[in-house]
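Fold and geometry: a report
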Amino acid sequence: MGAKAAIQVNAYQILGDNSRPGFPFLSHQKRQKSHLIFLKLSQRRHEATELLAGHQPKLQRSTHVHATEVEHVFHMKGGNGETSYAKNSRLQRKAILETKPLLEMAIAEVCMSMTALPRTMVVADLGCSCGPNALLFVSEVICTVADRLKTFGHNPVEIQFFLNDLPGNDFNHVFRSLAEFHMCMAEEGSAEGGDQLPAYYIAGLPGSFYRRLLPCRSVHLFHSSYCLMWCSQVPEELLEGKYVNEGKICIGATTPPAVVKLYQEQFHRDFSRFLELRSMELVPGGQMVLTILGRKHRDPRTGELFTLYALLAQALQCLLLEGRVEKEKLDGFNLPLYTPSVEEVAAAVEAGGLFDVRRVQLFQSNWDPHDDSEDSNAVTGGARESGENVARVTRAVLEALLVQHLGECVLDELFVVFARLVAAHLEEEKTKFTVIVLVLSLREGRKEASVPRAPASVDGHAHAKMRVASEV
Ligand SMILES: C[S@@+](CC[C@H](N)C(=O)[O-])C[C@H]1O[C@@H](n2cnc3c(N)ncnc32)[C@H](O)[C@@H]1O
């Protein structure tokens with residue numbers, strides 16, 4: 001059997017089907033190619049399954065696995081259980097409510113900028129996650145568009161929503177909530193006096209927002225909340241061990257300046273790429289509302305989220321002393337995370353030359369998602385309760401990454417210690433996150449960006465391997 005035939009058989013076996021002729025409508029040559037792509041997909045799926053199962057993949061230290069690790073492993077805690085993101089996303093919900101006036105203005109301006117309102121308005125939420133927040137955003141858009149149509153008497157408009165997140169996201173949880181959501185919206189419609197709400201359609205869109213997601217000039221409004229501080233990967237040099245960030249899991253007060261610079265550059269690269277990609281997908285007159293967990297001061301080491309995660313690093317050090325975590329694993333664990341200042345994001349938008357900043361808003365949010373008080377001295381329900389609340393939301397966000405690197409068995413203890421450390425911190429100082437909201441519109445007369453159209457892999461390694469496979 002020749003090499004090509006052997007590969008065909010393998011492809012069928014990996015797919016668990018050695019009887020189907022497969023792709024009867026393709027020429028022999030194209031069929032060969034399809035099988036190779038299938039084979040490649042199966043290999044990648046296998047790597048991803050190993051990662052999800054917490055196994056150390058064979059390509060353990062290669063840049064390929066690490067660059068794709070965020071995409072394959074990162075997701076909020078799915079389902080509806082006590083530790084799920086769905087039950088622990090009040091912090092992020094507050095941000096969506098806070099930005100509602102800006103969202104309404106953006107929708108109004110998008111509608112006004114179109115001489116004839118399109119029959120279908122396309123709206124994409126990037127990093128929608130799996131909790132009720134995804135549908136909260138959807139309902140806000142539907143109601144705002146309905147109000148506009150009522151006030152200005154436009155022809156009926158339909159809205160197509162795309163809910164995007166990484167493939168590991170529990171999209172099914174969102175889909176299962178849809179029946180109830182449609183009922184609530186129907187009630188809302190009849191309370192408004194009959195058929196007043198626009199027709200809407202909701203589709204899931206798995207994939208990284210650091211790649212192309214949608215066709216050129218097809219989207220009227222992009223929204224993303226509490227996502228863009230997540231980078232596409234941990235800086236390469238840190239992954240490869242050229243630099244170390246001992247005792248930390250992201251930037252901390254004593255992180256070496258060289259490591260801070262690596263994270264800054266990673267964020268800048270990712271955010272600039274995000275802007276380029278979206279500039280191609282937006283229709284002229286389209287807008288983006290981006291809510292990013294940022295920081296108040298210039299020095300990245302003073303970021304409020306980093307202060308919180310320094311306490312998590314401290315809790316991990318406690319487990320290390322008890323011999324519950326291996327030092328090597330801990331030293332190699334860094335989060336792909338950077339909270340920018342408003343100056344940094346504004347400078348990146350300006351440098352890209354693709355968007356105009358229409359509005360910027362900064363607001364603060366207490367660490368404890370259940371503390372709504374403006375009081376900057378005392379936490380509402382007491383420091384202990386606040387510590388536990390903060391631990392729950394942190395766990396819902398980071399659990400998948402922690403399990404992948406450190407294993408499941410340390411988690412309960414880790415978050416008990418972390419809650420205690422947070423409580424002690426809040427007793428000393430009530431700390432708040434700084435949240436940046438940017439409203440951007442496509443710049444007229446911009447130089448069109450030319451990023452590859454296909455959902456191409458970010459890492460050149462994958463391309464190189466694909467070329468080798470198709471030359472067999
Ligand atoms: C803290 S959650 C916020 C979710 C939601 N927007 C909300 O307000 O509740 C961040 C989300 O961003 C997603 N995310 C992170 N990086 C991403 C990427 N490159 N592409 C798509 N989604 C991403 C995560 O999977 C996660 O669901």
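Please read these numbers as outputs of a predicted model, since none were measured by experiment.

Take the overall build of the protein chain next. Helix and strand counts for the protein chain stand at 16 helices and seven strands. Taken across its 472 residues, the protein chain has 40% of its residues classed as buried. Sequence-distant contacts, at least 24 apart, represent 84% of the contacts inside the protein chain between residues at least 6 apart.

Close contacts around the ligand come from 23 residues, with Gln92, Gly127, Ser129, Asn133 and Cys227 the closest. Classifying every residue of the shell around the ligand by side-chain character gives 11 nonpolar, 11 polar and one charged.

Here we take up the nonpolar core. In this structure, Phe418 and Val422 are the most contacted members of the largest nonpolar core, which totals 106 residues. If near-sequence neighbours (up to four positions away) are discounted, Val422 is found in contact with Leu311, Gly387, Val390 and Ala391.

It is worth spelling out the packing of helix H10 (residues 257–281) against helix H13 (residues 342–352) at this point. The description of two packed helices rests on the angle between their axes and on the distance between the axes. Between H10 and H13, the least distance of the axes is 10 Å, while the angle of their chain directions is 50°. In terms of axis orientation, H10 runs oblique to H13. Crossing hand, H10 versus H13: right-handed. Here His268, Phe271, Ser272, Leu275 and Glu276 of H10 lie close against H13, whose contacting residues are Val345, Ala348, Val349 and Gly352. For the contact of H10 with H13, a count of residues per class yields five nonpolar, three polar and one charged.

Let us look at the pairing of strand S4 (residues 219–225). Counting buried positions along S4 yields seven of seven residues, so the element is predominantly enclosed. With three bridges joining them, strand S1 (residues 120–126) and S4 adopt parallel strand pairing. Its bridge partner being in S4, Ala124 is matched across the sheet by Phe222. Pairing of S4 with strand S5 (residues 282–294) involves six bridges; the strand directions are parallel. Note that in S5 the partner of Phe222 across the bridge is Met288.

Between helix H5 (residues 100–113) and helix H6 (residues 133–152), whose axes approach to 10 Å, the crossing angle comes to 50°. In terms of orientation, H5 lies oblique with respect to H6. Crossing geometry of H5 relative to H6 is assigned as right-handed. Of the residues in H6, those in contact with Lys100, Leu103, Glu104, Ile107, Ala108 and Cys111 of H5 are Glu140, Val141, Thr144, Val145 and Arg148. Looking at the contact of H5 with H6 residue by residue, the classes come out as six nonpolar, one polar and four charged.

The strand order across the open sheet built from seven strands is S3-S2-S1-S4-S5-S7-S6, with neighbouring strands paired in mixed fashion. Sheet topology places strand S3 (199–206) and strand S6 (355–366) at the edges, where each strand pairs with a single neighbour. Averaged over all pairs of adjacent strands, the angle between their axes in this sheet comes to 15°, without regard to strand direction. Two elements, strand S2 (residues 158–165) and S3, share eight bridges in a ladder whose sense is parallel.

The first and last C-alpha atoms of H6 sit 29 Å apart over 20 residues, in line with the 28 Å expected at 1.5 Å per residue. Within H6, the full set of buried residues consists of Asn133, Ala134, Leu135, Phe137, Val138, Val141, Ile142, Cys143, Val145 and Arg148.

With 77% of its residues at a pLDDT of at least 70, the protein chain reaches an overall mean of 81. The low-confidence segment residues 1–26 (pLDDT under 50) makes 26 contacts with residues lying over four places distant or belonging to another chain. In the predicted structure, residues 454–472 sits below a pLDDT of 50 and forms 26 contacts with residues beyond four places in sequence or in another chain.

By secondary structure assignment, the location of Val422 is in helix H15 (residues 411–428). Along the backbone, Val422 and Leu311 are 111 residues apart, and their C-alpha atoms lie at a distance of 6.8 Å.

Bringing helix H4 (residues 90–98) into the picture now. Residues of H4 that are buried: Leu91, Gln92, Ala95 and Ile96. On an axial view of H4, the arc spanned by its buried residues comes to 140°, and they lie on one face. Contact partners of the buried residues in H4: H6, S4, S5, S6, helix H14 (383–406) and strand S7 (432–442).

With respect to the helices and strands, the residue Glu276 is situated in helix H10. Residue Glu276 is classed as partly exposed on the basis of its 16 C-beta neighbours within 10 Å. On a C-alpha basis, the gap between Glu276 and Phe355 in space is 9.3 Å, while along the polypeptide they are 79 residues apart.

Rules used throughout
- Residues numbered from 1 in each chain as written.
- Predicted model: local features only at pLDDT ≥ 70, side-chain atom pairs only at ≥ 80, totals over all residues.
- Helix = DSSP H or I, 4+ residues; strand = E, 2+ residues; numbered from the N terminus.
- Buried ≥ 20, exposed ≤ 12 C-beta atoms within 10 Å, placed from the backbone.
- Contact = placed C-beta atoms within 7 Å.
- Near = placed C-beta within 6 Å.
- Nonpolar A, V, L, I, M, F, W, Y, C, P; charged D, E, K, R; others polar.
- Core = buried A, V, L, I, M, F, W, Y, C linked by C-beta atoms within 7 Å.
- Axes fitted to C-alpha atoms, helices over the stretch in contact; angles between N-to-C directions.
- Parallel < 35°, antiparallel > 145°, perpendicular 65-115°, else oblique.
- Left-handed = near helix turned anticlockwise from the far one by under 90°.
- Pairing = 2+ DSSP bridges.
- Expected span 1.5 Å × (residues − 1).
- pLDDT = per-residue confidence, 0-100.
- Arc of directions from axis to C-beta.

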